[in-house]
Amino acid sequence: TVKRIGSVVGGALEYAVREGVLQENPDRKANHFTRRKGAKNKADEVAFSIEEMKAIIKRASICPHHQLATAIMIAAHTGMRRSEILGLRWCDVDWENDIINVAHGLTEVSKDIEPDGKSLPLGGTKSCNSTRIVPMVPVLREVLEAERLRQQQVWSWDGKKLSDKAAVIQNNRE
């Protein structure tokens, strides 16, 4: 899970560099995952420290690229896989119970995918055990509420209403 978070964060930061949001990828300067001397399995791997995770979350909270910041916050607070984060729809967020239902992932990435959720190529999770419910901590709830409000405003500019089937991470709408 920690490696997946690192992968999502690193990929998101690389994307931000390509899009001109960041001049350089700070992940390149970070300490990366290594195995402890003599480690023979994943359980012995060294992950981000609490301080490093706090720094990543702090940077994400001030990131001007809303979708990138939201994806990083979801990864950091839930451990969800990249495909699960990209396949997350607003109907998967249970606001009343402060949980996120993880039941599918995005299976294909294409410029032709519409963010309204109607054409998202969703598949199942990695395995049947990956279908799960994850808690939504208060800070993540705030981030998701702000992102939903932002998306509702963007959609209203086009005279449309944001669908519950719409993707939480909408890469092609600003």
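Residues numbered from 1 in each chain as written. Predicted model: local features only at pLDDT ≥ 70, side-chain atom pairs only at ≥ 80, totals over all residues. Heavy atoms only, no water.

**Q** What is the right way to read the overall build of the protein from this model?
**A** Of regular secondary structure, the protein possesses five helices and five strands. Helices (α) and strands (β) of the protein occur, in sequence order from the N terminus, as α-α-α-α-β-β-β-β-β-α. Each of the 174 residues in the protein was classed as buried or not, and the buried ones make up 43%. Nonlocal contacts in the protein, meaning residues at least 24 apart in sequence, comprise 57% of its contacts between residues at least 6 apart. A total accessible area of about 10,400 Å² is found for the protein, and carbon and sulfur atoms account for 51% of it. (Helix = DSSP H or I, 4+ residues; strand = E, 2+ residues; numbered from the N terminus. Buried < 20%, exposed > 50% of the residue type's maximum accessible area, 1.4 Å probe, protein only. Contact = heavy atoms within 4.5 Å. Areas by Shrake-Rupley, 256 points an atom, 1.4 Å probe, with all protein chains shown as cover.)

**Q** Got a minute to help me understand the sheet that holds strand β2 (residues 99-102) in this structure?
**A** Strand order in the open sheet formed by three strands is β1-β2-β5, and the pairing between neighbours is antiparallel. One side of each edge strand has no neighbouring strand; the edge strands of this open sheet are β1 (93-94) and β5 (132-135). With four bridges joining them, β2 and β5 adopt antiparallel strand pairing. Paired with Asn 101 across the two strands is Ile 133, which belongs to β5. (Pairing = 2+ DSSP bridges.)

**Q** Whenever I open this one, helix α5 (residues 138-157) confuses me. Can you help?
**A** Spacing of three or four residues puts side chains on the same side of an α-helix, whose turn is 3.6 residues. Helix length check: α5, at 20 residues, gives a terminal C-alpha distance of 29 Å against a target of 28 Å (1.5 Å per residue), a fit within 8%. Within α5 the residues assigned to the buried category are Leu 140, Leu 144, Glu 147, Arg 148, Arg 150, Gln 151, Val 154 and Trp 155. What you see down the axis of α5 is that its buried residues fit within an arc of 165°, all on one side. Residues of α5 that are exposed and point over 90 degrees away from its buried face: Pro 138, Glu 142 and Trp 157. Of the residues one or two after α5, Gly 159 is the one with positive phi, at around 75°. (Expected span 1.5 Å × (residues − 1). Arc of directions from axis to C-beta.)

**Q** Help me understand the nonpolar core in this model?
**A** In globular proteins that are soluble, nonpolar side chains generally tend to be buried together. With 34 residues, the main nonpolar core has Ile 74, Met 80, Ile 85, Ile 100 and Leu 144 as its most contacted residues. At the level of secondary structure, the elements contributing two or more residues to this core comprise α1 (2-18), α2 (50-61), α3 (66-78), β2 and α5. With eight residues, α3 is the single largest residue contributor to this core. (Core = buried A, V, L, I, M, F, W, Y, C linked by side-chain atoms within 4.5 Å.)

**Q** I would appreciate a short explanation of α3 in the present structure.
**A** Helix length check: α3 (13 residues) gives 18 Å between terminal C-alpha atoms against 18 Å at 1.5 Å per residue, within 8%. Listing the buried residues of α3 in full gives Gln 67, Leu 68, Ala 69, Thr 70, Ala 71, Ile 72, Met 73, Ile 74, Ala 75, Ala 76 and Thr 78. Positive backbone phi, at 75°, marks Gly 79, one or two positions downstream of α3.

**Q** So what exactly am I meant to see when it comes to unusual backbone geometry here?
**A** Phi is positive for Asp 98, close to 55°, though the residue is something other than glycine. Among the secondary structure elements, Asp 98 is positioned in the loop between β1 and β2.

**Q** Explain the environment of Arg 141 here, please?
**A** Here Arg 141 shows up in helix α5. Owing to a relative accessible area of 23%, Arg 141 belongs among the partly exposed residues under this scheme. Between the C-alpha atom of Arg 141 and that of Asp 98, which follows or precedes it by 43 residues, the distance is 7.5 Å. With residues near it in sequence (within four places) discarded, Arg 141 still touches Trp 95, Asp 98 and Met 136.

**Q** So what exactly am I meant to see when it comes to the side chain of Gln 151 here?
**A** Mapped onto the elements of the fold, Gln 151 is located in helix α5. Under the relative-accessibility criterion, Gln 151 is labelled buried at 1%. At 2.8 Å, the side chain of Gln 151 forms a polar contact with the side chain of Glu 147. The residues contacting Gln 151, other than those within four sequence positions of it, are Trp 90, Leu 162, Ala 167, Val 168 and Gln 170. (Polar contact = N/O pair within 3.5 Å; in protein donor to acceptor, adjacent residues only side chain to side chain.)

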